[in-house]
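Each chain is listed here by its residues.
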Amino acid sequence: MKYAYMLAVLLLVGVGLPMLIPGTDGKPIMSPQDWLPDQQTLDTVRQQGQRAIQAVSDSTQKSAEQLETLVESSGLLPEEQHKQTREVFSWRDSEGNWHFSDSIPEGLDTHVRIHRIKPINTLPATPSNDAQPQGPQAQLLQENREGDSRISQILKEVQALKENSQQRQQALDNL
């Protein structure tokens, strides 16, 4: 804690003292205006930032288009999926609200972003074979059919035993 106070005092002296000591012209050596940038510098920084953002946006859009062209030309996407691509447009109004639409509004002076929407996680159906399976699959299928017939036979035997048991119970009740 002692060091924090010493650091605060040194900072106050280092920054505050030049604002109190008069220079050769009678004014303080430093003023708060020396710490703040002028309006021209702020405007220049703002313009450079906007240009940088626009350049990144443009290069991202171009990269996405190049990647899309590369994927389409390589045949990695099925043709049906390419046809289902839709475009959605987005823009910001004068109040700063974002709008999304499937068409571009008339008389829009601001930049409109185009988003290409593709279906996600879709696979074409595989054709089914109506032919009987062969090999190990056929054997398993036959065993399942035999198992079904055995289960139905066991159920019939259980029903017969139940009826026989009920007949015996009735014979005992009549005695």
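Computed from a predicted model, the values in this text were never measured in an experiment. (Residues numbered from 1 in each chain as written. Predicted model: local features only at pLDDT ≥ 70, side-chain atom pairs only at ≥ 80, totals over all residues. Heavy atoms only, no water.)

Chemist: Just checking my understanding: could you explain the overall build of the protein for this structure?
Modeler: The helix and strand tally for the protein stands at four helices and three strands. Listing every helix and strand of the protein by position from the N terminus yields α-α-α-β-β-β-α. Across the 175 residues in the protein, those meeting the buried criterion constitute 4%. Long-range contacts, defined as pairs at least 24 residues apart, comprise 34% of the intrachain contacts of the protein with a sequence gap of at least 6. When the accessible surface of the protein is split by element, carbon and sulfur atoms take 57% of a total near 16,000 Å². (Helix = DSSP H or I, 4+ residues; strand = E, 2+ residues; numbered from the N terminus. Buried < 20%, exposed > 50% of the residue type's maximum accessible area, 1.4 Å probe, protein only. Contact = heavy atoms within 4.5 Å. Areas by Shrake-Rupley, 256 points an atom, 1.4 Å probe, with all protein chains shown as cover.)

Chemist: I keep staring at the environment of Trp 35 and nothing clicks. Help me out?
Modeler: Inspection of the secondary structure assignment puts Trp 35 in the loop between α1 (2-20) and α2 (39-74). In this structure, Trp 35 is in contact with Val 15, Met 19 and Met 30, ignoring residues within four places of it in sequence.

Chemist: Any chance you could explain the environment of Glu 65 here in plain terms?
Modeler: Considering the arrangement of structural elements, one finds Glu 65 in helix α2. Residue class for Glu 65 comes out partly exposed when judged on its relative accessible area of 34%. Each C-alpha atom of the pair Glu 65 and Arg 116 lies 9.9 Å from the other, and the pair is 51 residues apart in sequence.

Chemist: In this structure, what is going on with the pattern of salt bridges? I would like to understand it.
Modeler: Oppositely charged side chains can pair when the atoms bearing their charge come close. Applying the stated rule across the entire model yields one salt bridge. A salt bridge links Asp 43 to Arg 46; the shortest N-O distance between them is 3.1 Å. Note that Asp 43 and Arg 46 are positioned in helix α2 at a spacing of three residues, about one turn of the helix. Overall, Asp 43 belongs to the partly exposed group, its relative accessible area being 30%. On the basis of relative accessible area, Arg 46 is assigned to the partly exposed category, the value being 48%. (Salt bridge = Lys/Arg side-chain N within 4 Å of Asp/Glu carboxyl O.)

Chemist: Would you explain the sheet that holds strand β3 (residues 113-117) in this entry?
Modeler: What holds strands together in a sheet is hydrogen bonding between their backbones, with the strands either parallel or antiparallel. Spatial ordering of the open sheet is given by β2-β1-β3, a layout of three strands whose pairing is antiparallel. Of all strands in the sheet, those bounded by a partner on one side alone are β2 (98-101) and β3. Each strand axis lies, on average, 25° off the axis of its neighbour in the sheet, ignoring direction. By the bridge criterion, five bridges tie strand β1 (residues 86-92) to β3 in an arrangement that is antiparallel. When the sheet's bridge partners are listed, Val 88 is paired in β3 with His 115. (Pairing = 2+ DSSP bridges. Axes fitted to C-alpha atoms, helices over the stretch in contact; angles between N-to-C directions.)

Chemist: It is not clear to me how a nonpolar patch on the surface should be interpreted in this structure. Could you clarify?
Modeler: On the surface, Val 9, Val 13, Leu 17, Leu 20, Ile 21 and Ile 29 cluster together into a nonpolar patch covering about 560 Å² of accessible area. Checked against the element boundaries, Val 13 lands in helix α1. (Patch = residues over 30% accessible without salt bridge, like charges linked within 9 Å, V, L, I, M, F, W, Y side chains within 5 Å.)

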